[in-house]
Amino acid sequence: MTPPQFEPRYTRDNLASLQSHILAEERRHPGATGEFSWILSAISLAAKTIANKVRRARIEDVLGEHGDHNLHGERQQKLDVIANEIIMRCLGDRANIAVLASEEDEQPVLLRDRAEGGRYCVLFDPLDGSSNLDVCVGVGTIFSILRNERRAPREVPHHLQPGFRQVAAGYILYGSSVVFVVTTGNGVDMFVLDQSIGSFVLVQRRIRIPSGTRIYSINEAYLDAFPEPYQRYLRYCHTSGYSSRYIGSMVADVHRTLIKGGIFIYPPTRPHPGGKLRLMYEANPMAMIIEQAGGVALSGSERTLLIRPFDLHQRTTVILGSEDQVDILRAFLAGETPPPAPAVPA
Ligand code: AHG
Ligand code: MN
Ligand code: MN
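Rules used throughout
- Residues numbered from 1 in each chain as written.
- Chains lettered and ligands numbered in written order.
- Predicted model: local features only at pLDDT ≥ 70, side-chain atom pairs only at ≥ 80, totals over all residues.
- Heavy atoms only, no water.
- Helix = DSSP H or I, 4+ residues; strand = E, 2+ residues; numbered from the N terminus.
- Rg over C-alpha atoms; globule rule 2.2 N^0.38 Å.
- Buried < 20%, exposed > 50% of the residue type's maximum accessible area, 1.4 Å probe, protein only.
- Contact = heavy atoms within 4.5 Å.
- 1 Å grid on protein atoms, 1.4 Å probe; cavity = no way out; pocket = protein on both sides within 12 Å on 5 of 7 lines; lining within 4 Å.
- Points joined across faces, edges and corners; volume = space filled by probe spheres on them.
- Donors = N, O, S within 2.8 Å, 3.2 Å for Na, K, Ca; no water.
- Pairing = 2+ DSSP bridges.
- Polar contact = N/O pair within 3.5 Å; in protein donor to acceptor, adjacent residues only side chain to side chain.
- Phe/Tyr/Trp six-rings, centres within 6.5 Å; stacked < 30°, edge-to-face > 60°.
- Domains from an automatic or database assignment.
- Buried area = accessible area lost by both parts, 1.4 Å probe.

Peer 1: Give me the overall build of the protein: which residues, what numbers.
Peer 2: For the protein, the helix and strand inventory stands at eight helices and 18 strands. Computed over the C-alpha atoms, the radius of gyration of the protein is 21 Å, within 12% of the 20 Å expected from 2.2 N^0.38 for a compact globule of 346 residues. For the C-alpha atoms alone, the extent of the protein along its principal axes is close to 70 × 55 × 50 Å. Put simply, the protein has 346 residues, and 54% of those count as buried. In the protein, 63% of the contacts between residues at least 6 apart in sequence involve partners at least 24 apart.

Peer 1: Lay out empty space enclosed by the protein in plain terms, naming residues and giving numbers.
Peer 2: Summed over the entire model, instances satisfying the criterion amount to one cavity of 30 Å³ or more. Computed from the structure, the largest cavity encloses a volume of approximately 70 Å³. For the largest cavity, the full set of lining residues is Ile43, Ala46, Ala47, Ile50, Ile87, Leu91, Val122, Phe124, Thr141, Phe143, Ile172 and Tyr174. Counting residues per element, the ones that place at least two in the lining of the largest cavity are helix H2 (35-55), helix H4 (78-91), strand E5 (120-128), strand E6 (139-147) and strand E7 (166-174).

Peer 1: Could you give an account of the coordination of the manganese ion (ligand 2), naming the residues involved and the relevant values?
Peer 2: Coordination of the manganese ion (ligand 2) by the protein comes from Asp125 (OD), Asp128 (OD) and Glu282 (OE), over a distance range of 1.9 to 2.1 Å. Along the chain, the residues that donate to the manganese ion (ligand 2) are spaced as D-x2-D-x153-E. A separation of 3.7 Å is found between the manganese ion (ligand 2) and the manganese ion (ligand 3), both of which receive a donor from Asp125. With Asp125 in strand E5 and Glu282 in helix H7 (residues 279-292), this residue pair connects regions lying 157 residues apart in the sequence. For the pair Asp125 and Glu282, a shared accessibility class is recorded, and that class is buried.

Peer 1: Please set out the sheet that holds strand E18 (residues 318-321) residue by residue, giving values where relevant.
Peer 2: Reading across from one edge, E12-E11-E13-E18-E15-E16 is the order of the six strands in this open sheet, with mixed pairing throughout. Pairing within the sheet leaves two strands with one partner each, and these edge strands are strand E12 (243-244) and strand E16 (302-303). Direction of pairing for strand E15 (residues 296-299) relative to E18: antiparallel, over a ladder of three bridges. Opposite Ala297, over in E18, you have Leu320 as the bridge partner.

Peer 1: Any details on the environment of Thr304? Residues and values, ideally.
Peer 2: Take Thr304: it is sitting in the loop between E16 and strand E17 (315-316). A C-alpha to C-alpha distance of 46 Å links Thr304 and Gln5, two positions 299 residues apart in sequence. Apart from residues lying up to four places away in sequence, Thr304 is in contact with Leu279, Ala283, Asn284, Ala287, Ala297, Leu298 and Ser299. Within the structure, the side chain of Thr304 is placed 3.3 Å from the backbone oxygen of Leu298, a separation counted as a polar contact.

Peer 1: Hey, could you go over the packing of aromatic side chains for me, with residue numbers and the actual values?
Peer 2: By the definition in use, this model includes eight aromatic pairs. Members of the aromatic cluster, each reached through a chain of ring pairs, are Tyr216, Tyr233, Tyr236, Tyr242 and Phe332.

Peer 1: Requested: an account of the domain arrangement of the protein, with residues and values cited.
Peer 2: In terms of domain boundaries, the protein breaks down into domain 1 (18-204) and domain 2 (215-333). Relative to domain 2, the C-alpha centre of domain 1 lies at a distance of 22 Å. In this assembly, 48 residues from domain 1 lie in contact with 31 residues from domain 2. Taking both sides of the interface into account, the surface hidden between domain 1 and domain 2 amounts to around 2900 Å²; carbon and sulfur atoms contribute 65%. Together, Ile142, Leu160 and Tyr171 form the three largest contributors to the area buried by domain 1 at its contact with domain 2, with a combined 20%.

Next comes the structure, spelled out in structure tokens:
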């Protein structure tokens with residue numbers, strides 16, 4: 001009698017939710033305690049709640065400015081504040097979280113130390129691209145999870161760690177559908193919110209960033225302020241069959257880059273000579289996602305994930321995308337001029 005033939009682990013018609021998938025992944029980590037899925041399930045709950053607010057923004061009149069400026073001097077949108085409160089309320093009661101650090105708050109919220117069970121630090125941008133809200137363009141939430149490591153020099157809080165120490169990172173894109181993209185260091189998986197059952201369902205596992213895509217994403221309004229090698233790179237793109245795509249929400253621009261390939265760039269500009277995007281809760285989580293999908297993420301010539309942070313809200317320049325596309329820009333930054341790109345096949 002032939003032995004039973006077991007189906008492969010993920011057959012085409014499996015229905016895996018975010019929770020079941022994370023629990024399955026946790027079982028791959030010896031000694032995992034299920035604490036991880038607890039945090040991700042809180043982020044999933046916050047995401048569904050924020051998605052609902054974003055979708056109903058015009059109806060509930062929560063669009064527009066909050067009337068305050070945040071610590072970065074940027075005008076806060078009402079939904080920035082609402083999203084921040086939703087995340088704080090969803091994660092605040094998770095007993096294994098030590099620190100909650102938000103783009104919207106000057107100081108991190110210290111919930112409990114390690115002795116009281118605080119094992120993880122969660123850093124987040126509650127609403128990314130919020131200036132696009134009023135015009136119904138995709139916005140998102142970005143999160144980064146670090147272990148609560150005791151640091152030797154006491155004055156350095158234990159959430160200021162370089163990006164390579166992230167244990168998980170991801171984003172939710174509130175777009176034509178609500179997409180949850182996450183990595184726990186074992187590849188990048190994508191879920192879509194099925195509104196009819198209220199669950200994020202798995203739609204793609206182990207995403208790999210495509211190479212050979214001639215799409216560059218940069219705010220060319222600042223062209224004259226870009227350092228000269230970036231200007232030479234853009235002239236190369238203009239004569240090499242590239243398309244320009246720039247949404248102005250990092251989550252939307254990075255998601256397109258992850259799925260279609262290409263390159264996303266936020267270089268030094270006159271308003272932000274050190275770059276505009278924040279290292280700890282924008283650049284680092286996105287860098288982990290892109291590297292886990294086989295791409296490259298740099299700040300200038302340095303690998304973003306190696307930057308040793310000194311401040312929760314420090315900014316950095318960003319270059320991320322498929323290796324072949326980042327290599328072309330890297331050549332220009334190194335003072336070289338790559339050969340003209342081969343003609344785009346008709
Ligand atoms: P946030 O809304 O969280 O402040 O982030 C906005 C960021 C990022 O989403 C986007 O890539 C960038 O700002 C766009 O900046 P410019 O408008 O200067 O191009
Ligand atoms: Mn942002
Ligand atoms: Mn934001």
